[in-house]
Amino acid sequence: MSKSNVKPAQGKLGVMVVGLGAVSTTFMTGVLMTRKGLAKPVGSMTQYDKIRVSDGKETKYLKYDEIVPMAKLDDIVFASWDVYPANAYESAINAEVLKEKDINPVKEELEAIKPLKAAFDHNYAKRLDGDNIMVGKTRWEMVEQLREDIRNFKKEKGVDRIVVLWAASTEVYVPVDEKVHGSLAALEAAMKADDKEHVAPSMCYAYAALTEGAPFIMGAPNTTVDIPAMWELSEKTGMPIAGKDFKTGQTLVKSGFAPIIGTRCLGLSGWFSTNILGNRDGLVLDEPANFRTKEVSKLSTLESILVPEEQPDLYTNYFHKVRINYYPPRNDNKEGWDNIDIFGWMGYPMQIKINFLCRDSILAAPLCLDLVLLSDLAARAGRHGIQRFLSFFLKSPMHDYTKGEVPVNHLFQQYVMLKNAIREMGGYEADEKID
Ligand SMILES: NC(=O)c1ccc[n+]([C@@H]2O[C@H](COP(=O)([O-])OP(=O)(O)OC[C@H]3O[C@@H](n4cnc5c(N)ncnc54)[C@H](O)[C@@H]3O)[C@@H](O)[C@H]2O)c1
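Every chain is numbered on its own, with residues counted from 1 as its sequence reads. Where local features are concerned, this predicted model is filtered to residues with pLDDT of at least 70; where side-chain atom pairs are given and counted, the filter is 80 or more; whole-chain, interface and lining totals use all residues.

Draft legend 1. Representation of the nonpolar core. The term nonpolar core refers to a group of buried residues, namely Ala, Val, Leu, Ile, Met, Phe, Trp, Tyr and Cys, whose C-beta atoms join them within 7 Å. To sort residues by exposure, count the other C-beta atoms lying within 10 Å of each residue's C-beta; 20 or more gives buried, 12 or fewer gives exposed, and values between give partly exposed, all with C-beta atoms placed from the backbone. The biggest cluster of nonpolar side chains holds 116 residues, and the ones touching the most others in it are Val-164, Leu-165, Tyr-205, Cys-368 and Leu-371. Working definition: helices are DSSP H or I runs of at least four residues, strands are E runs of at least two. Numbering for both runs from the N terminus. Looking at this core, the element that brings in the most residues is helix H15 (residues 360-380), giving 13 residues. Segment limits for the domains were obtained from an automatic or database-derived domain assignment. Of the residues that make up this core, three or more belong to each of domain 1 (13-246 + 362-425) and domain 2 (250-357). Working definition of a contact: two residues with C-beta atoms, positioned from the backbone, lying within 7 Å. Among all residues touching Tyr-205, those that are not within four sequence positions of it are Val-18, Ala-119, Leu-146, Val-164 and Trp-166. With ten residues, the next largest nonpolar core counts Leu-302, Ile-305, Tyr-315 and Ile-342 among its residues.

In structure tokens:
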């Protein structure tokens, strides 16, 4: 630890989660249960992964908190906003992800997490009709209210630092519009003019978080912080931003599997991915405009791993299709099918089928924890703007497209970026050795 010059993780860490649905309550319950020694945070890199530091005789494999000062699970204090008034206990029960026996031991703590009124616009998620929302507020007034919420939470709970995580529903697709999203001044003007078309409610949360000195993480595929105006704000306030879309099931498999095809120089003629799921997320994504946001995010993964321009014989014109179907009987237990049409020597076709029976929120919860803890770390390390080292956790990693940057989607390259950032923040040399 002595080598790191990151500020220590002193005091409490406030984790304010936008959305108190399946993912957030599974995340919160898991953290609280782990704290009591009643569960294990399986799948969390910050709790389990070991990184090699130094070389030769000095070689050591250390956990993240042995390299850099990390906040502890005991330091976390939760708060949330949601469109529905159910507290975290009721919402965890309704979500039916976890069994009651895995929720009840922390019932009191969960009941105390009562959602603040959401900055919400029905046009951004038509399938939701809750009434725990701010009424009659312009976009700018929403920002002001959210800022006040953050300040109040900090004061009331004696919290030292805050991270804001979006784990709320996917909003309708907001295409980037240079005139509104291209600069901070333009975005602020649009908020003040209550431009509901170009300013999504999620942008109000991000703006409020960054302005109050809190990192912001976008866990849904919303384009919220994927715009130059937010990059400018994060530079101005010195805060990290990360996004977008938790890389949990199918896309995790895709970003780990596509490199097999690419590395062996096999050809690809098509990749068809379909899913059935029946939770509220599935319900929202059943709406075409909301699905569009997800589709853009999910489609982007392959293009930067199997690049047509680099290998025209192998990857030109492959057909990539992603579908999500709302199917209530499955609830959170999603099933994903991938059919991959590849070709080999002399163009002979072959097929690969992957059938992943996963649990969406069980896969997303450890990502919430890691993204929160690592964003807090990044803030203390003085890193601001887009945090590319967090691409490992995200389906559609942020990158500055105005500078021609390309996203890194290859899972193992993302892992190298993650390890090197931790090494550097810990005062060790970055390296690319395989281990
Ligand atoms: N579980 C996964 O594997 C996974 C992977 C990638 C992304 N995601 C994304 O994570 C998000 C959460 O997923 P989930 O399964 O928990 O969904 P969910 O529907 O159970 O929970 C989302 C909650 O957000 C609330 N909400 C919507 N708009 C809001 C707003 N403006 N302010 C405050 N609250 C708002 C809803 O009322 C709902 O309770 C979704 O956007 C989903 O696409 C999930």
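Draft legend 2. Just the environment of Leu-20, in detail. Tracing the backbone through its elements, the reader meets Leu-20 in the loop between strand S1 (13-18) and helix H1 (22-35). In this structure the C-alpha to C-alpha distance between Leu-20 and Ser-169, which are 149 residues apart in sequence, comes to 9.8 Å. Excluding residues that lie within four positions of it along the chain, Leu-20 makes contacts with Thr-25, Ser-80, Asp-82, Ala-88, Ser-91 and Pro-115.

Draft legend 3. Quick peek at the packing of helix H9 (residues 201-211) against helix H10 (residues 228-237). As a rule, the C-alpha atoms of each element are fitted with a line to give its axis, helices using only the stretch in contact, and angles between N-to-C directions run from 0 to 180 degrees. H10 packs onto H9 with a crossing angle of 15° between their chain directions and a minimal axis gap of 9 Å. Between H9 and H10, the interaxial angle falls into the category roughly parallel. The two elements H9 and H10 meet at a crossing, and its hand is left-handed. For the pair formed by H9 and H10, the contact residues are Ala-206, Tyr-207, Leu-210 and Thr-211 on the first element and Met-230, Leu-233, Ser-234 and Thr-237 on the second. Taken together, the residues of the contact of H9 with H10 sort by class into five nonpolar, three polar and no charged. Here roughly perpendicular refers to angles of 65 to 115 degrees, roughly parallel to angles under 35, roughly antiparallel to angles over 145, and oblique to all remaining angles. Two helices that cross are described as forming a left-handed crossing if the nearer one is turned anticlockwise from the farther one by less than a right angle, and a right-handed crossing if clockwise. Amino acids are sorted into nonpolar (Ala, Val, Leu, Ile, Met, Phe, Trp, Tyr, Cys and Pro), charged (Asp, Glu, Lys and Arg) and polar (every other residue, Gly among them).

Draft legend 4. Quick peek at the site of the ligand. The criterion for a residue being near a molecule or strand is a backbone-placed C-beta atom within 6 Å of that molecule or strand. Around the ligand, a shell composed of 36 residues is seen, among which Gly-19, Gly-21, Ala-168, Ala-220 and Arg-280 lie nearest. Elements that contribute at least two residues to the shell around the ligand include exactly H1, strand S4 (76-82), helix H12 (280-285) and H15. When residues in the shell around the ligand are grouped by element, the largest group, four residues, is from H15. The residue makeup of the shell around the ligand, split by class, is 20 nonpolar, eleven polar and five charged. Taken together, domain 1 (13-246 + 362-425) and domain 2 (250-357) each give at least three residues to the shell around the ligand, which thus spans both.

Draft legend 5. Main features of the sheet that holds strand S11 (residues 335-343). The four strands are arranged S10-S9-S11-S12 in an open sheet whose pairing can be described as mixed. Here the strands that pair on one side only, and so sit at the sheet edges, are strand S10 (319-326) and strand S12 (349-357). Neighbour-to-neighbour, the strand axes of this sheet turn through a mean angle of 10°, independent of strand direction. Note: strand S9 (residues 267-277) against S11, nine bridges, orientation antiparallel. The partner of Asn-275 across the bridge, within S11, is Gly-336. Lying on the sheet, helix H11 (residues 250-263) is in contact with S9, S11 and S12; it crosses S11 at an angle near 15°. Strands pair, by our definition, only if DSSP identifies at least two bridges between them.

Draft legend 6. Spatial organisation of unusual backbone geometry. Between Gly-243 and the following residue, Lys-244, the backbone shows a cis peptide bond with an omega angle of -5°. For Lys-244, the location among the structural elements is in the loop between strand S8 (240-243) and H11. Despite not being glycine, Ser-54 shows a phi value in the positive range, around 65°. The residue Ser-54 is located in the loop between strand S2 (50-53) and strand S3 (60-63) in this model.

Purely geometric stuff here, so don't read any function into it on its own.
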